[in-house]
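Coordinates in review
Spelled out from the first residue to the last, the chains are:
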Amino acid sequence: MGPDTALRAAIERDELSSLILYGPAGCGKTSLARVIANTTAAAFTEVSAVSSGVADIRKSIDTARDRLSFQGRRTILFIDEIHRFSKSQQDALLHAVEDRLVILIGATTENPFFEVNAPLISRSRVVELHPLTDEDVRRIVRGALADAERGLAGANPLAPEAEDAIVLRAGGDARAALNTLEQAAAEAGPGAQIDVAVLERLGGARQLTYDKRGDTHYDVISAFIKSMRGSDPDAAVYYLARMVHGGEDPKFIARRMLIFASEDVGNADPQAIQVAAAAFKAAESIGWPECRINLAQAAVYLALAPKSNASYLAIDSALKDVRTGPSRSVPDHLRDRHRPGAESYGPYRYPHDFPDGWVDQRYLPEGLAEGVFFKAGSKGWEAERATARKAMIERRTKPGA
């Protein structure tokens, strides 16, 4: 919206096309729609997807058609929470948007590329609004305290500690901050200072954005996984706390750690999968809030564990060969012996009959060489065992061994 941006220029020229405003609660989607309506010459009609249906949409479109025909004036149709409209309700907008009978401004907290019909997306510009910072919220709160017409100017002084508490509770949601300020003023009474004690009487906790199906859900779990992979226990515990606070399903968190234990730790620390499995069992058996402790223990363990993705890469590499490589036969000496003619397969050398429990013998099908799929990592138990195996093979393959 800054100077010289394409969106601002379109608004100022009154040449705005349809928009989908996408962002978290309280970041200014509705406010921006009203700013646009006040800046342009278009009429402004608001519809809520929570309480409206197809009939309401068609009525708004018919009114917009008449306004354009008789007054030459366009209509901005603002639909709050547009993701709540069904496919058929969204389809009812298509022709009006296509024919520019209305300028659609849809607001949504959900990713529009998943929740809004593709034809409607293709006819609109998607504008993503980012969460407000604590300093953004602080400026809004101070603006409300300075506004004599619509705010609380001169009504209630706000203690600095209470301002900090309101900003912290809001979690980037300006609407939540203003609601808290308004409730605190009513609780304190005319002329009384709003302090932390007043806020404590109101109750409530910090409102951090967390949607268990939307982008924040995926962003936080992604950051959680990447923090463990990056061996940062503090970051892992922080993102775990975000999920705990947001009421995420503990079994979902534990399942992701169970996958991580094999994908990213693997045999660098074979105990990691046991720790993750125990955390999953605890989450399944205990639930919130106690299982947060089990999940935190597992997250810290996985973050601190040596890392290897060798097993993960090995199975995907082998699958690729199975799916796209040539047909490969099992070597004869490894085939099952419980069938007629098995004596012609050649001798199978039983490793336990040899020192070190190993014997030089081919196991891979023809056309595949050792090391084609599995390449041991350089850390932990896996690296130690790979080194020991190499030494054992060297001993057994020396002439005269």
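Residues numbered from 1 in each chain as written. Predicted model: local features only at pLDDT ≥ 70, side-chain atom pairs only at ≥ 80, totals over all residues. Heavy atoms only, no water.

A word on the overall build of the protein chain
- Tallying secondary structure elements over the protein chain gives 18 helices and 5 strands in all.
- In summary, the protein chain has a C-alpha radius of gyration of 32 Å against a globular reference of 21 Å for 401 residues, an excess of more than 25%.
- A principal-axis box enclosing the C-alpha atoms of the protein chain has dimensions of 100 × 55 × 40 Å.
- Considering only contacts within the protein chain whose residues lie at least 6 apart along the sequence, 72% involve residues at least 24 apart.
- For the protein chain, the accessible surface area stands at approximately 22,400 Å², while carbon and sulfur atoms represent 52% of it.
- Between the averaged position of the 50 positive side-chain charges in the protein chain and that of its 54 negative side-chain charges there is a distance of 5 Å. (Helix = DSSP H or I, 4+ residues; strand = E, 2+ residues; numbered from the N terminus. Rg over C-alpha atoms; globule rule 2.2 N^0.38 Å. Contact = heavy atoms within 4.5 Å. Areas by Shrake-Rupley, 256 points an atom, 1.4 Å probe, with all protein chains shown as cover. Lys, Arg positive; Asp, Glu negative; His and termini not counted. Charge placed at Lys NZ, Arg CZ, Asp CG, Glu CD.)

Let's talk about the pattern of salt bridges
- Counted by the stated rule, this structure contains 18 salt bridges.
- Between Glu-163 and Arg-138 there is a salt bridge, with its nearest N and O atoms 2.8 Å apart. Here Glu-163, found in helix 9 (residues 160–170), pairs with Arg-138, found in helix 8 (residues 134–146); they are 25 residues apart in sequence, far enough to count as distant.
- On the basis of relative accessibility, which here comes to 14%, the residue Arg-138 falls in the buried class. (Salt bridge = Lys/Arg side-chain N within 4 Å of Asp/Glu carboxyl O. Buried < 20%, exposed > 50% of the residue type's maximum accessible area, 1.4 Å probe, protein only.)

Focus on the layout of surface pockets
- Taken as a whole, the largest pocket spans an internal volume of roughly 900 Å³.
- Considering the residues around the largest pocket, the lining is formed by 32 residues, among which Ser-31, Ile-140, Ala-174, Arg-175 and Leu-178 are closest to the centre.
- Of all the secondary structure elements, the ones that give two or more residues to the lining of the largest pocket are helix 2 (29–39), strand 4 (102–108), helix 8 and helix 10 (174–188).
- If one sorts the elements of the lining of the largest pocket by residue count, helix 10 sits on top with 6 residues.
- Looking at the lining of the largest pocket residue by residue, the class counts come to 10 nonpolar, 10 polar and 12 charged. (1 Å grid on protein atoms, 1.4 Å probe; cavity = no way out; pocket = protein on both sides within 12 Å on 5 of 7 lines; lining within 4 Å. Points joined across faces, edges and corners; volume = space filled by probe spheres on them. Nonpolar A, V, L, I, M, F, W, Y, C, P; charged D, E, K, R; others polar.)

Side note on the nonpolar core
- Grouped together as the largest cluster of nonpolar side chains are 28 residues, with contacts concentrated most on Phe-224, Met-228, Ile-253, Met-257, Leu-295 and Leu-302.
- Taken together, the elements giving at least two residues each to this core come down to helix 12 (215–229), helix 13 (233–245), helix 14 (250–265), helix 15 (272–285) and helix 16 (291–304).
- Counting residues per element, this core draws most heavily on helix 14, at 7 residues.
- When residues no more than four places from it in sequence are discounted, the contact partners of Phe-224 are Ala-236, Tyr-239, Leu-240, Met-243, Ile-253, Met-257 and Ala-299. (Core = buried A, V, L, I, M, F, W, Y, C linked by side-chain atoms within 4.5 Å.)

A closer look at helix 17 (residues 310–324)
- For helix 17, with 15 residues, the first-to-last C-alpha span of 21 Å sits near the 21 Å given by 1.5 Å per residue.
- Residues of helix 17 that are buried include every one of Ala-310, Ala-314 and Asp-321, and no others. Seen along its axis, helix 17 keeps its buried residues to an arc of 35 degrees; they face one direction. Of the residues in helix 17, the exposed ones pointing more than 90 degrees away from the buried face are Lys-320, Arg-323 and Thr-324. (Expected span 1.5 Å × (residues − 1). Arc of directions from axis to C-beta.)

Considering the sheet that holds strand 2 (residues 43–48)
- Taken in spatial order, the 5 strands make up an open sheet running 2-3-4-1-5, and their pairing is parallel. Each edge of the open sheet is held by one strand with a lone partner, namely strand 2 and strand 5 (125–128). Here the average twist between neighbouring strands, direction ignored, is 20 degrees.
- Inspection of the sheet shows strand 1 (residues 19–22) paired to strand 4 by 4 bridges, in the parallel sense. Across the sheet, residue Leu-19 finds its bridge partner in strand 4, namely Ile-105.
- Across the face of the sheet, helix 3 (residues 54–71) comes into contact with strand 2, strand 3 (75–80) and strand 4 while running at roughly 175 degrees to strand 2. (Pairing = 2+ DSSP bridges. Axes fitted to C-alpha atoms, helices over the stretch in contact; angles between N-to-C directions.)

Overview of a nonpolar patch on the surface
- On the surface, Tyr-348, Tyr-350 and Tyr-363 cluster together to form a nonpolar patch covering roughly 330 Å² of accessible area.
- Looking at the element boundaries, Tyr-350 is found in the loop between helix 17 and helix 18 (380–397). (Patch = residues over 30% accessible without salt bridge, like charges linked within 9 Å, V, L, I, M, F, W, Y side chains within 5 Å.)

Comments concerning the packing of helix 8 against helix 9
- One can describe the packing of helix 8 onto helix 9 by two numbers: an axis separation of 9 Å at closest approach and a directional angle of 125 degrees. By the angle between their axes, helix 8 is oblique relative to helix 9. The way helix 8 lies across helix 9 gives a crossing that is right-handed. Taken together, the residues of helix 9 that come into contact with helix 8 (itself represented by Asp-134, Val-137, Arg-138, Val-141 and Arg-142) are Glu-163, Asp-164, Ile-166, Val-167 and Ala-170.
- Looking at side-chain class alone, the contact of helix 8 with helix 9 contains 5 nonpolar, no polar and 5 charged residues. (Parallel < 35°, antiparallel > 145°, perpendicular 65-115°, else oblique. Left-handed = near helix turned anticlockwise from the far one by under 90°.)

Some details on the packing of aromatic side chains
- Taken as a whole, this structure holds 2 aromatic pairs when the rule is applied.
- Judged by centre distance (6.0 Å) and plane angle (20 degrees), the rings of Phe-44 and Phe-78 are stacked. Of the two residues, Phe-44 is situated in strand 2 and Phe-78 in strand 3; the sequence distance between them amounts to 34 residues.
- Between Tyr-238 and Tyr-239, the ring centres sit 5.1 Å apart and the planes meet at 75 degrees, which makes this aromatic pair edge-to-face.
- Since its relative accessible area comes to 24%, Tyr-239 is described here as partly exposed. (Phe/Tyr/Trp six-rings, centres within 6.5 Å; stacked < 30°, edge-to-face > 60°.)

A look at the confidence of the model for the protein chain
- Confidence in the prediction for the protein chain averages 85 pLDDT; 96% of positions are at 70 or higher.
- Highest mean pLDDT in the protein chain belongs to helix 16 (94); lowest belongs to helix 18 (78). (pLDDT = per-residue confidence, 0-100.)

Description of the pairing of strand 2
- Across 6 bridges, the pairing between strand 2 and strand 3 is parallel. Across the sheet, residue Ala-43 finds its bridge partner in strand 3, namely Thr-75.
- Between strand 2 and its parallel partner strand 3, the chain crosses via helix 3, and the hand of that crossover is right-handed. (Right-handed = clockwise from strand over helix to strand, strands pointing away.)

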